[in-house]
Amino acid sequence: MMTTEDTLWATEELFWTQGADSARAMTAKGAVFVFPYPVGILQGDRIWREDLVAQRWRSVEFSERCDSRERNIAVLAYRASALREGEPGYEAYCTSSYLNDDGTWLRIMHQQTPLTGSHPS
């Protein structure tokens, strides 16, 4: 049986690799995402209108994982190494926060800080 932390990490991976519709279904309506320049800060439906956000990654690996949970809030922090067809690899430190909304974990915040030389989102 998967622990809550296992479920959250699996959900986080889906955000990187599944389509925008899947990611939208797992995101709270007023969520806030912070991406590197030129994308910047996005909230609500603006998240899904941004081309760079809508593009999915072929694969992603998480390292330096750290998670914390207090009641209905969970925070994941990690280093992501992602690959997309025809593009150089992307590496970033990331954080995501989740809210347990009546038994369903919804992402309410995501932030990426690219490592030097990586391209955004």
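Our structure's up above, just so we're on the same page.
Computed from a prediction, not measured in an experiment: that's the story for all the values here.

What counts and how
- Residues numbered from 1 in each chain as written.
- Predicted model: local features only at pLDDT ≥ 70, side-chain atom pairs only at ≥ 80, totals over all residues.
- Heavy atoms only, no water.
- Helix = DSSP H or I, 4+ residues; strand = E, 2+ residues; numbered from the N terminus.
- Rg over C-alpha atoms; globule rule 2.2 N^0.38 Å.
- Buried < 20%, exposed > 50% of the residue type's maximum accessible area, 1.4 Å probe, protein only.
- Contact = heavy atoms within 4.5 Å.
- Areas by Shrake-Rupley, 256 points an atom, 1.4 Å probe, with all protein chains shown as cover.
- Pairing = 2+ DSSP bridges.
- Axes fitted to C-alpha atoms, helices over the stretch in contact; angles between N-to-C directions.
- Expected span 1.5 Å × (residues − 1).
- Arc of directions from axis to C-beta.
- Salt bridge = Lys/Arg side-chain N within 4 Å of Asp/Glu carboxyl O.

### Re the overall build of the chain
No. 1: Scanning the chain from terminus to terminus reveals four helices and six strands.
No. 2: The linear arrangement of helices and strands in the chain, starting from the amino end, is α-α-β-β-α-α-β-β-β-β.
No. 3: Its C-alpha atoms give the chain a radius of gyration of 14 Å, near enough to 14 Å, the size a compact globule of 121 residues would have.
No. 4: Dimensions of the chain along its principal axes, counting C-alpha atoms only, are 40 × 30 × 20 Å.
No. 5: The buried share among the 121 residues of the chain stands at 38%.
No. 6: The contacts of the chain with a sequence gap of at least 6 include a subset with a gap of at least 24, amounting to 52%.
No. 7: Total accessible area on the chain stands at roughly 6900 Å², and carbon and sulfur atoms take up 50% of it.

### Thoughts on the sheet that holds strand S2 (residues 40–43)
No. 1: Spatially, six strands are ordered S2-S1-S6-S5-S4-S3 in an open sheet, and the strand pairing comes out mixed. The two strands at the open ends of the sheet, each matched to only one other strand, are S2 and strand S3 (59–70). Each neighbouring strand pair of the sheet contributes to a mean axis angle of 15°, computed without reference to strand direction.
No. 2: As paired strands, strand S1 (residues 27–35) and S2 are joined by four bridges and run antiparallel to one another. Bridge pairing links Phe-33 to Leu-42 in S2.

### Side note on the pairing of strand S6 (residues 104–114)
No. 1: As defined by bridge partners, S1 adjoins S6 across four bridges and the pair is classed as parallel. Note on S6: the bridge partner recorded for Val-32 is Met-109.
No. 2: Bridge count between strand S5 (residues 90–101) and S6: ten bridges; the pairing is antiparallel. Within S6, the residue paired with Ala-92 across the bridge is Pro-114.
No. 3: Here S5 hands over to S6 after two residues, with Asp-102 in that stretch at a positive phi of 55°.

### What about helix H1 (residues 4–17)?
No. 1: Compared with an ideal rise of 1.5 Å per residue, which puts 14 residues at 20 Å, H1 spans 20 Å between its outermost C-alpha atoms and is within 8% of the ideal.
No. 2: For H1, every residue scored as buried is listed here: Leu-8, Trp-9, Thr-11, Glu-12, Phe-15 and Trp-16. Around the axis of H1, the buried residues are gathered within 160° of arc, so they sit on the same side.

### Re the pattern of salt bridges
Once the charged atoms of two side chains with opposite charge are near each other, the side chains can pair.
No. 1: Within the structure shown, the criterion is met by seven salt bridges.
No. 2: Here Glu-85 ties to Arg-58 by a salt bridge, and the two come within 3.1 Å at their closest N and O atoms. Residue Glu-85 is found in the loop between strand S4 (73–83) and S5, and its partner Arg-58 is found in the loop between helix H4 (51–54) and S3; the two are separated by 27 residues along the sequence. In terms of burial, Glu-85 and Arg-58 fall into one category: exposed.
No. 3: For Arg-79, the salt bridge goes to Glu-91, with nearest N and O atoms at 2.6 Å. Of the two residues, Arg-79 sits in strand S4 while Glu-91 sits in strand S5, which places them twelve residues apart along the sequence.
No. 4: Counted as one network, the salt bridges with shared partners bring together Glu-64, Arg-79 and Glu-91.

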